[in-house]
Every structure is written in C-alpha cells, then in structure tokens.
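What the coordinates show
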2 protein chains.
Amino acid sequence: MTENSEPHKEKSLSVGEGQRPLKVALLGCGVVGTEVVRILTDQAEHLAARVGAPLEIAGIAVRRAGRARDIAVDPALITTDAQALVSRGDVDLVIEVIGGIEPARGLILTALEHGASVVTANKALLAEDGPTLFAAAEKYERDLYFEAAVAGAIPILRPLRESLAGDDVTRVMGIVNGTTNYILDKMDSTGAGFDEALEEAQALGYAEADPTADIEGFDAAAKAALLASLAFHTRVSIADVHREGITEVSATDIASAREMGCVVKFLAICELDEANDSVSARVYPAMIPLSHPLASVRDAYNAVFVESKAAGQLMFYGRGAGGAPTASAVLGDLVSAARNRLKGVPGVGESSYTQRAARPMGATRTRYHVSLDVADKAGVLAAVAHAFAEHDVSIQTVRQEGRGGDAQLVVVTHTATDAALSATVEALREMDIVREVSSVMRVEGD
Amino acid sequence: MTENSEPHKEKSLSVGEGQRPLKVALLGCGVVGTEVVRILTDQAEHLAARVGAPLEIAGIAVRRAGRARDIAVDPALITTDAQALVSRGDVDLVIEVIGGIEPARGLILTALEHGASVVTANKALLAEDGPTLFAAAEKYERDLYFEAAVAGAIPILRPLRESLAGDDVTRVMGIVNGTTNYILDKMDSTGAGFDEALEEAQALGYAEADPTADIEGFDAAAKAALLASLAFHTRVSIADVHREGITEVSATDIASAREMGCVVKFLAICELDEANDSVSARVYPAMIPLSHPLASVRDAYNAVFVESKAAGQLMFYGRGAGGAPTASAVLGDLVSAARNRLKGVPGVGESSYTQRAARPMGATRTRYHVSLDVADKAGVLAAVAHAFAEHDVSIQTVRQEGRGGDAQLVVVTHTATDAALSATVEALREMDIVREVSSVMRVEGD
C-alpha cells in the first residue's frame with residue numbers, strides 16, 4: 001500500500017461522505033430472515049438512498065449451514081457461529097430473528113457491547129427481560145428497536161413512542177394475535193366449535209402444531225407487556241399481565257354475543273388508572289359491540305385501538321404475522337437504526353420515567369355477561385338480582401327465557417371490580433335455584 | 001452575583017445535564033394554538049421527562065393582542081410582532097398554526113434561518129411550496145415536521161417516512177377530509193341531498209361558512225400531494241393532483257352505490273406506476289365496496305389505507321381535525337424536534353431521491369359506474385355495449401330496468417384508462433337512444 005492510498009481509503013470510508021457501507025449481521029434465517037435477505041438484496045438501491053449509505057450483509061448465522069433455503073445467498077456469508085459474528089467488532093447493525101430467550105439474549109447483549117445497534121422481533125425475550133437489554137443499549141449508546149415484536153407489520157410502537165409523545169395515552173386495546181382472531185372469526189362466521197376451528201387454523205398454517213403460546217395467550221400477554229410499557233412510560237413485564245386464553249370459548253358464547261349485538265374477540269388491554277397511578281395489563285376473550293372498530297377485524301388480521309387525551313380514538317390495522325409483513329417492520333427499524341449510526345447518535349430509547357404499580361386483576365373494573373340455567377319458578381329473578389346487589393354489582397340488563405322446567409337468565413352488568421364480579425359468580429354457583437352458571441364472559445368497549 | 005454563582009448557572013444550563021429549557025415560540029393562538037398552550041402548560045412535567053429538558057413558552061404571536069382567550073396566558077408572552085419573535089435567535093422551536101401562505105412561509109423561513117426547528121400544520125403551504133421550506137430546513141440543519149397537516153391526530157406521515165422506510169409503498173387511499181366524510185355519511189344514513197347535508201354540517205360546526213376548500217377538494221388535494229411525496233420519495237405538488245369535489249354527488253348516486261353493495265366516499269388516492277415510474281395523485285368521490293376497511297369510516301373521522309409490497313394492507317384511523325387532536329400531532333412533532341435539538345442533530349428529513357413524473361388523469365386506470373336513461377326498445381343494450389367496446393372499455397356488469405316508456409341501464413366497467421372512460425361517456429351522450437347520462441362515478445377498492 002502506498003502512502004497516498006491511506007488518506008484516500010480513509011476518505012471513502014468517512015461517514016461525512018455518506019458512502020461507507022453499513023455492515024448488517026442477520027441472526028436466524030427462517031421465514032422472516034429469508035424475507036429480510038430478499039428485501040436487502042432486491043431493494044438495495046432504494047434502501048441505500050433512504051439510509052444515506054449502502055447496507056451490506058456481513059454474515060448470516062444459522063443453526064444448520066447445509067439446509068436448502070428459498071433464496072440465493074453467498075455461501076461465504078453463512079455461519080453457524082453466531083457468537084463470533086456478533087463479536088467481530090465491524091458489524092454496525094444486528095438483526096435478531098431467532099426467537100426464544102437463549103441464545104438470543106446473550107447474542108443481543110454481545111452485539112450491543114461490540115458497538116452494533118440491534119433490531120429484534122423477539123417479543124418473548126423483551127417481555128421477560130427487556131430492562132436488561134434496554135440498559136445495555138443505553139450503556140453502549142446504541143439502538144434497540146423491536147417494532148416487529150408487536151402486531152407484525154403494523155406501525156404501532158413508533159407511533160406510541162414518538163407520534164404520541166406529546167399526548168397522554170389512557171388505554172390501548174388490541175387484537176394482537178392472528179391465530180386466535182382467525183379461530184374466533186371462524187367460530188363466529190360458521191358456528192363451528194373451538195376444536196373444529198383450531199383444526200382448520202392448523203390445516204391452513206395459521207396455527208402451530210403446538211398452539212399453546214397462541215391459544216393460552218402467552219404470545220398476546222408478551223405483547224400486552226410491551227404495549228403497556230411504551231404507552232404508559234413504565235416497566236411492565238409479562239409477569240404483570242393477567243392472562244386467560246380462548247380454549248373455554250364455546251359456540252354458545254359466540255351466539256350469546258351475537259344476540260346482544262356483540263362479537264367475541266381475544267383482546268390485549270392496557271389501561272392507566274391515573275387516580276392510583278397504576279397500570280392494568282390483561283389478555284382474555286371478551287364481547288365487544290359490533291359497532292366498535294375492532295369488531296370488524298377479520299381473519300388473521302391484527303389491530304390496535306388507542307385512546308389518548310388529546311388525540312381521542314385511533315386505530316392501527318394490518319397483518320400481524322407472516323414473513324413479509326414482519327420483514328417490513330424489521331427493515332423499517334433497520335433503516336432508522338442505520339440513519340442513527342450515520343449521524344453518530346442513537347434514536348429515541350425506552351421511556352420509563354414513571355414507576356407505576358401493576359394493578360391486580362381483582363381491582364380492575366370490567367363488565368360481565370353471565371348466562372345462568374335456573375329453575376323456572378317465581379322469585380328466581382329476585383334471588384339472582386339480590387346476589388348481584390349483595391356484592392355491589394349493578395345489573396345493566398337481564399333477559400329471561402323459559403325452557404320447559406328450566407329457564408335461562410342472561411345478565412349483563414355495569415362496570416364493577418373484577419373481584420366483586422368473581423365473588424358474585426361464586427355465590428351464584430352456590431345457589432340451589434341456579435342449576436348451572438353456563439357462561440361468564442367480560443364485556444369491553446362501550 | 002458572586003463568582004461562585006456563575007459556574008453553577010452554567011452547569012444548570014448545560015445540555016449535557018438535560019436541564020436547559022428549550023424555548024418554544026407559538027405562531028397563532030386559535031383553536032389549535034390554544035390546545036397546544038394548554039398541553040404545554042398542563043403536561044409540562046411529562047413533556048420534560050420525555051424530551052429530557054423542560055419546554056418553555058418564549059412567546060405567542062397573535063393578530064390581535066387584546067382578544068379574550070380560552071386559556072390563561074402570561075400577557076407578557078403575547079406579541080403581535082411574529083417576525084421579531086422568530087428573529088430573536090434564542091428560540092429553539094417554532095410552532096406555526098396560522099395557516100395560509102403568507103405570512104406563514106416567511107416566518108417559517110426566518111425561524112429556520114435563525115436556528116429554530118419548526119413544527120407546522122400548514123398543508124396548503126407545504127403542498128404549494130414545500131420544496132423551498134424543506135431546502136431551508138436542510139440548509140440550516142433543522143427539523144421541519146408537519147404530522148398535523150394530514151389527517152389530524154392520526155400518525156400517518158411518520159409511519160410512511162420511518163416505519164415503512166424499508167418497504168415499498170404502492171398505493172395510499174385515504175379519507176382525509178372530515179367535513180366531506182360527514183356530509184356523505186349523512187347523505188348515506190338519512191337519504192338527504194347534498195345541500196341539506198351541507199347545511200347540517202355547517203350548523204354543527206363541521207363545515208365552514210365558506211365550505212369551498214373542503215367540498216371542492218382543495219384541502220384533500222393538498223393532503224394527497226403530501227402523502228404522495230412521502231409515500232413515493234418524490235416531489236408532488238398540489239398542481240399535480242387531479243381534483244373533483246363532492247358537490248355533484250346526488251342522493252341517487254348514494255342509493256345506486258348501496259344497490260351494488262357500495263358506499264360513496266371522498267377519496268384521496270396516490271398510486272405508483274412502477275412500469276412508467278410515474279405517480280398518480282387524485283381526489284374525487286367514488287364508490288367503494290362495503291367490505292372495504294374505509295367503508296366503515298363514519299362521521300367526521302379520517303382514515304388512511306396503505307398498500308405496500310412487504311407489509312401488505314395497513315390502515316390508520318382517527319380524528320382528522322379539531323383543536324385537541326391536531327394539537328396531539330403538533331406536540332408529538334415538537335417532542336421529536338426537541339429531542340433532536342438536545343442531541344444536536346436533525347431527524348429524518350424529506351426523502352425525495354426519486355424524480356417521478358406525475359401521471360395525467362387520462363392515463364390513470366379506474367373503473368366507472370354509469371347510469372343511463374335510455375329508450376325502452378330492442379337493441380338499446382347492444383348499441384350501448386358497442387359504444388363501450390369501441391373505446392376499449394370492458395363491461396363488468398350491466399343491469400337494465402324498465403320504467404314506462406324509458407328504461408334505465410346501469411353499467412359497471414372493468415378498469416380502463418380514465419381517458420377511454422371519458423370518451424365513452426361523451427359518445428353515449430351523443431347517442432339518440434340515450435336520453436340522459438344521469439350519473440357517472442368512479443369505483444375504487446377491489
């Protein structure tokens with residue numbers, strides 16, 4: 001190398017010229033990773049124009065190097081040593097789409113420590129141990145972005161973190177799991193039972209062979225924790241989220257919802273209680289009125305409904321999963337993180353300047369829809385009404401239908417604490433005139 | 001002042017400590033400005049925590065200083081000399097909510113020149129002369145944000161500019177004017193005619209005394225220009241936008257739409273034609289299917305439907321106007337611009353790295369719904385069908401209804417160029433057997 005070539009090389013590498021390629025390491029090359037590579041390759045020119053510098057794939061860490069892939073990748077880029085890839089020191093940006101807690105957590109921490117900004121879609125990891133990761137990002141002055149972790153392609157985290165930063169969000173209510181929305185929508189449109197709808201979802205690839213994470217609400221609970229943290233500027237972990245899945249939802253529940261002009265949706269709800277400076281985060285199936293914007297979210301789509309003091313009601317709608325939609329969110333974050341690298345300063349990090357308590361489910365105010373099989377005789381309605389009154393639960397409507405020797409009572413309550421509602425239902429179960437409490441479901445969205 | 005107090009003062013003012021207040025100048029104190037002041041005052045602590053420094057109102061420029069206001073403001077802050085306020089040199093952030101071209105343009109340019117970042121809600125100015133303002137922001141390395149200019153409180157510009165920066169948007173279709181959506185929704189739900197619905201909108205404050213800007217589509221056209229510019233990374237001005245208002249929409253059109261399972265909405269449409277690297281931006285009333293997500297946008301709400309290659313279909317929904325919703329968008333931008341001031345680097349500016357041609361309306365492909373009053377005799381349908389075929393317009397459906405001596409033909413076409421469709425309608429008007437072309441309306445959203 002001559003003496004003259006050194007300064008020239010320096011110049012072409014200088015950030016000021018906007019020419020130095022930014023090196024991107026990809027951890028994981030499954031459905032999402034493949035789409036990320038496809039976009040990085042096909043849209044290289046557009047991305048370079050938007051970032052101000054080319055993005056160059058520095059390496060792709062996979063579990064098995066020999067596996068056939070849907071996309072042509074330079075074999076020299078493939079490695080099974082993810083740890084070495086993120087420790088190289090010349091990587092500017094790391095995309096983590098492996099999922100799960102380890103080795104993802106260790107790899108992200110190593111990447112940040114070695115000066116890379118990180119984009120991840122890993123909701124489980126963030127909801128379990130976000131604070132450790134955010135602290136590392138802050139310490140090393142790098143970005144840690146995760147738009148893809150909640151509601152796939154729908155831009156919801158950035159709007160919460162930036163667009164609504166001058167407003168005060170009071171409530172977030174979302175359909176954030178496509179599998180369960182598909183199942184409930186199918187039950188609603190065809191009258192199918194839960195098992196039948198689940199099988200169809202599995203046959204179509206909307207549900208995994210082991211659907212536990214979706215139908216028991218673990219996936220939605222992780223997303224609720226992330227949404228609540230961003231919306232209310234506090235730290236909410238998955239352990240703070242009250243979780244009920246959809247496995248108990250019956251065709252009768254769906255029909256009952258229809259009768260009262262509602263539809264059953266699996267909701268993630270994050271609420272601020274300003275009086276007590278506490279946050280409620282919860283996921284469960286609930287009835288919402290057909291007129292509510294979330295009621296018309298069909299198939300495997302996601303939507304997030306936000307209420308804030310100045311903006312009022314907002315809704316964000318789109319695809320919550322799938323390779324390409326998730327890759328869109330990952331690439332959006334990647335472009336932002338890349339622009340920040342060029343500027344030499346990280347973007348907006350987590351904002352957790354408040355320390356708000358998690359409100360227990362029992363203290364959270366909700367409404368209930370309760371169906372009872374009761375003896376068809378005089379005084380039943382009065383006795384049932386008394387049981388509600390005794391627990392300070394106010395009845396909004398009650399409908400009585402005779403059916404031979406039995407009758408059915410359908411009660412919809414006004415809002416009351418969840419503890420009072422549960423206690424009422426327990427008391428109803430103890431009453432002789434109540435043959436069965438055939439269904440209990442919360443009602444949301446006025 | 002003692003020698004010791006100086007260093008202390010310096011320290012408390014240093015940016016590194018995150019303590020120096022950022023000075024905010026407000027230009028205009030009408031409905032939106034009043035809400036901005038209210039939030040800046042009431043939420044001062046929250047805003048300081050989110051920004052990393054307090055925001056301090058440095059001055060409020062108004063037209064008439066003596067006017068009574070809805071909010072308590074220190075009279076010392078009020079000035080009628082906006083030019084002096086933005087030229088002070090110690091102002092960090094300027095909010096422009098005066099509207100109109102001048103003096104707003106001159107004040108924004110002066111503010112940028114004197115080192116302030118600017119947040120504006122001024123769609124008319126940006127759509128007319130955005131490039132001049134963007135160039136000034138770039139030259140002085142300051143932010144020029146304008147989320148409030150399109151669809152009020154709905155975060156749509158930031159998602160387009162940042163969240164979707166790694167994706168390729170192909171189409172944006174929005175209901176971006178609340179006044180016209182209120183009028184059309186009222187016509188749809190009550191069967192009212194246009195004049196009656198307009199009067200009601202005026203009585204309720206949804207329409208101005210002079211409603212021209214709304215009902216003739218000037219407001220929507222300005223927003224279409226901004227959406228198209230951001231979505232397609234090019235420069236689109238209001239002069240490039242094809243504009244038709246809603247004054248010709250009749251109760252019959254609304255009823256015809258219902259008959260074919262549609263609803264009439266006033267749409268702003270921005271489309272990329274990749275083959276010709278051209279952009280079509282247009283606003284007009286059109287029929288869309290009831291199943292389309294935009295069809296259920298009621299009252300004065302706004303919504304923007306976005307289609308992109310990887311993310312697929314997205315929709316953003318919320319309040320498009322009003323003091324508090326617009327203030328929410330202004331404050332979101334203000335917090336971002338303030339954070340950038342503390343970091344010392346501007347945020348993401350305009351991205352207009354492509355130079356895409358504006359596609360003329362005649363070359364744009366649309367579908368038409370055409371109602372004809374025709375003579376009720378043999379051969380009429382054949383003659384009408386021939387007129388469409390002659391202009392290369394393919395008919396999707398045709399419905400014939402006899403009415404005494406006359407008959408009515410309702411034709412819905414497949415997509416064809418707008419020029420071919422216009423020529424067909426002209427030819428139909430010349431035919432003896434066609435008594436009247438009673439209605440022509442485009443059909444959007446498959």
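- Per an unreviewed UniProt entry, chain A goes by the name Homoserine dehydrogenase and belongs to Kribbella sancticallisti.
- Database annotation for chain A, UniProt heading Function (unreviewed entry): "Catalyzes the conversion of L-aspartate-beta-semialdehyde (L-Asa) to L-homoserine (L-Hse), the third step in the biosynthesis of threonine and methionine from aspartate."
- As recorded by UniProt, the Cofactor (unreviewed entry) comment attached to chain A reads in full: "a metal cation".

Some words on the interface of chain B and chain A
- Counting residues at the interface gives 47 residues for chain B, matched by 47 residues for chain A.
- Buried surface at the junction of chain B and chain A, summed over both partners, amounts to about 4,000 Å²; 55% is from carbon and sulfur atoms.
- Considering only the side of chain B, the residues that lose the most area to chain A are B:Arg50, B:Tyr317 and B:Tyr353, jointly responsible for 15% of the buried surface there.
- Applying the counting rule to chain B against chain A returns 4 salt bridges.
- Counting every contact that joins chain B to chain A gives 26 residue pairs in polar contact (both at pLDDT 80 or more).

So, unusual backbone geometry
- Residue A:Pro103 is reached from A:Glu102 by a cis peptide bond, and omega for that bond is 10°.
- Here A:Asp299, not a glycine, exhibits a phi torsion of approximately 50°, which is positive.
- Within the secondary structure, A:Asp299 sits in the loop between β10 (278-289) and β11 (301-308).
- The phi dihedral of B:Asp392 falls on the positive side, at around 60°, and the residue is not glycine.
- Within the secondary structure, B:Asp392 sits in the loop between α14 (380-390) and β15 (395-403).

Topic: the environment of A:Val249
Residue and element names in this part refer to chain A.
- With respect to the helices and strands, Val249 occurs in the loop between β8 (242-243) and α12 (251-259).
- Take Val249: its relative accessible area is 4%, and that puts it in the buried class.
- Among all residues touching Val249, those that are not within four sequence positions of it are Leu184, Met187, Phe194, Ile254, Val264, Pro285 and Met441.

Here we look at the relation of the copies chain B and chain A
- Laying chain B over chain A is done by rotating through 180° and shifting 0.0 Å along the axis; what remains is an RMSD of 0.1 Å. The two molecules are tied by a two-fold rotation axis, judged by turn and shift. Identified as the residue of chain B closest to the rotation axis by C-alpha distance is B:Phe316, at 2.4 Å.

Some remarks on the domain arrangement of chain A
Residues and elements named next belong to chain A.
- Structurally, chain A comprises domain 1 (5-152 + 324-343), domain 2 (157-319) and domain 3 (364-443).
- Taking the mean C-alpha position of each, domain 1 and domain 2 sit 30 Å from one another.
- Each partner contributes residues to the interface: domain 1 has 17 residues there, and domain 2 has 17 residues.
- Summed over both partners, the interface of domain 1 with domain 2 buries about 1,400 Å², with 66% contributed by carbon and sulfur atoms.
- At the junction of domain 1 and domain 2, the tally comes to 2 salt bridges.
- In this assembly, domain 1 and domain 2 are joined by 5 residue pairs in polar contact (both at pLDDT 80 or more).
- Mapped by element, the contributors of at least two residues to the side of domain 1 that touches domain 2 are α6 (123-139) and α13 (323-343).
- Classifying every residue of the side of domain 1 that touches domain 2 by side-chain character gives 11 nonpolar, 3 polar and 3 charged.

How each quantity is defined
- Residues numbered from 1 in each chain as written.
- Chains lettered and ligands numbered in written order.
- Predicted model: local features only at pLDDT ≥ 70, side-chain atom pairs only at ≥ 80, totals over all residues.
- Heavy atoms only, no water.
- UniProt positions renumbered as here; feature names shortened; annotations may be inferred.
- Contact = heavy atoms within 4.5 Å.
- Buried area = accessible area lost by both parts, 1.4 Å probe.
- Salt bridge = Lys/Arg side-chain N within 4 Å of Asp/Glu carboxyl O.
- Polar contact = N/O pair within 3.5 Å; in protein donor to acceptor, adjacent residues only side chain to side chain.
- Helix = DSSP H or I, 4+ residues; strand = E, 2+ residues; numbered from the N terminus.
- Buried < 20%, exposed > 50% of the residue type's maximum accessible area, 1.4 Å probe, protein only.
- Least-squares fit on C-alpha atoms with pLDDT ≥ 70 in both.
- Domains from an automatic or database assignment.
- Nonpolar A, V, L, I, M, F, W, Y, C, P; charged D, E, K, R; others polar.

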